[in-house]
Structures are given as C-alpha cells and as structure tokens.
Amino acid sequence: TFWNEFYDLVLEAHGDKNGDGFTLMPRNGLNEPAFANLATGGGQSTNVFSGGVFDIQADEALLVEVVVPVKPAYMGFHLSNFWGESLDYANHTSSLNGFQSEPDADGTLRYVVAGTDPGVPNWLDTAGHLSGFLTLRWTYSMPPPELPKTTVTKLPLALVRDHLPAATRTVSVEERREQIKVRQEHVRRRYRQY
C-alpha cells in the first residue's frame, strides 16, 4: 500500500493527482534533476535525482541526453517496473553506471531506452516491459554549483541512429553478448555464497 501510494500520489507516476497541471514523474520524459528531499523519498543530501516513466511500444525508443557539468563520485541510470523493482540487470543492460556509460565527443551521455538492441553503447534494455520507471542518480561529496541537465525524445526505433552523432560506434552482437557475460559474473560475485 505504501509504495503504491508513494508512486501514484507523491510521485504522480500515473498522471496529475493534485490538480496543479504538473506531473512529478512525466511520461516519456524526466523531471528536472534536483537534490534529494522528502517529497521525492529522501536520500543522501548530496544526491541528485531525476525520474520519469517510459511508455513505449516495441518499435519505439527514448533518446535520453544527459549533460553533467560537474563530475559526480557516482552516477547511475536504471529502469524498473511499476513496483519500483529493478529489471533483470544480470541478463539485460537495464542499468548503466558512470563507468559503464560512454560519453560522446561533446561530453554528452546519450542513452537509448528500447526493448530491442539498437547496437549503440548506452542501450538500456526494457527487458520486455513496455512501461516502467526511469531513474537517474548522481552522488556528490559536496553539493555541486551546477546540476545535470536532461532531455528526452521519443522516436521510432528505426530512426535512432539519425538522432545520434555520426561517430557513435556500433556495438556488435558478440560485444553485447560479452557485456552481458561480464554483468552476470558481477552479479554472481556480488551475491556469492561464502
């Protein structure tokens, strides 16, 4: 009950609940990055969060562009279902941290959220879900003087490459398979039995 009400009433993940014409968790968008506060569930005071809802069909994608003017100690972007549960991060690239993400030459991080692999470095796999939550988090040791900026564009999956820099490399099937193999090993190591 608590989490259903938190996502529905507090975060307004399913539309405007208080009638102010504003939705805290926009559909196919991200709210403006902000410091952790009680209204968004709290957290470390130097954490910066941005969240939204993905709602795409099998032939659609979201292009999420992220500019981070001040380098954080940690950065993570993950997808979850409507219960707030992480998607299968061992067998799918449903999350990427700052070390796993590849910035473009201009420093912008461009992520593609889709259910089918578009062959780009920063693919976030919806793992069969057509809708769920988008969550970006940056952790700083001190509050940064300037916060990250995000933009989200919904587009046909077939047109993803048209919206990326020409220098965006192609990730082969073999390379993606190796990426998943590494993720699986990390999960096994993290949850190993002693």
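Please refer to the structure placed before this passage.
What comes next is a walk through the structure. Remember, predicted model here, so these are calculated numbers, not experimental data.

On to the side chain of Arg 183, then. As for its placement among the helices and strands, Arg 183 is situated in helix 2 (residues 173-190). Although Arg 183 is buried, it forms no salt bridge, and the closest oppositely charged side chain is Asp 88 at an N-O distance of 7.7 Å. A distance of 3.2 Å separates a polar atom in the side chain of Arg 183 from the backbone oxygen of His 92. Sequence-distant contacts of Arg 183, that is, excluding residues within four places in its chain, are made with Tyr 89, Ala 90, His 92, Thr 93, Ser 94, Ser 95, Leu 96 and Gln 100.

Moving on to the environment of Thr 116. Checked against the element boundaries, Thr 116 lands in the loop between strand 6 (109-114) and strand 7 (123-125). Considering only alpha carbons, one finds Thr 116 and Ser 101, 15 residues apart in sequence, at a separation of 18 Å. Once residues lying within four places of it in the same chain are set aside, the contact partners of Thr 116 are Ala 58, Trp 123 and Leu 157.

A few words on the sheet that holds strand 4 (residues 74-80). Spatially, 5 strands are ordered 1-2-8-4-5 in an open sheet, and the strand pairing comes out antiparallel. The sheet terminates laterally at strand 1 (34-35) and strand 5 (95-97), the two strands that pair on one side only. In this sheet, strand 8 (residues 131-139) lies alongside strand 4 in antiparallel orientation, the contact comprising 7 bridges. Paired with Leu 79 across the strands is Leu 134, a residue of strand 8.

Another point: the pattern of salt bridges. One pass over the structure, following the stated rule, counts 10 salt bridges. Measuring nitrogen to oxygen at the nearest pair gives 3.4 Å for the salt bridge that ties Asp 55 to Arg 27. Taken as a pair, Asp 55 in strand 2 (residues 47-55) and Arg 27 in the loop between helix 1 (2-10) and strand 1 lie far apart in primary sequence, 28 residues in all. Its salt-bridge partner being Arg 110, residue Glu 65 comes within 3.1 Å of it at the nearest N-O pair. Of this pair, Glu 65 sits in strand 3 (residues 60-67) while Arg 110 sits in strand 6; the two residues are 45 residues apart in sequence, bridging distant segments of the chain. Residue Arg 110 is classed as buried on the basis of its relative accessible area of 13%. When salt bridges with common partners are traced through the structure, they connect Glu 65, Asp 104, Asp 106 and Arg 110 into a single cluster.

So, on to the packing of aromatic side chains. Overall, the coordinates contain 2 aromatic pairs when judged by the stated rule. Here the aromatic rings of Phe 77 and Tyr 111 are separated by 5.0 Å at their centres, their planes lie at 80 degrees, and the arrangement is edge-to-face. Placement of Phe 77 in strand 4 and of Tyr 111 in strand 6 is noted, with a sequence separation of 34 residues between them. Like Tyr 111, Phe 77 is buried. Ring centres 5.1 Å apart and planes at 90 degrees place the aromatic pair Phe 82 and Phe 133 in the edge-to-face group.

Reading the values: rules and limits
Residues numbered from 1 in each chain as written. Predicted model: local features only at pLDDT ≥ 70, side-chain atom pairs only at ≥ 80, totals over all residues. Heavy atoms only, no water. Helix = DSSP H or I, 4+ residues; strand = E, 2+ residues; numbered from the N terminus. Buried < 20%, exposed > 50% of the residue type's maximum accessible area, 1.4 Å probe, protein only. Lys, Arg positive; Asp, Glu negative; His and termini not counted. Salt bridge = Lys/Arg side-chain N within 4 Å of Asp/Glu carboxyl O. Polar contact = N/O pair within 3.5 Å; in protein donor to acceptor, adjacent residues only side chain to side chain. Contact = heavy atoms within 4.5 Å. Pairing = 2+ DSSP bridges. Phe/Tyr/Trp six-rings, centres within 6.5 Å; stacked < 30°, edge-to-face > 60°.

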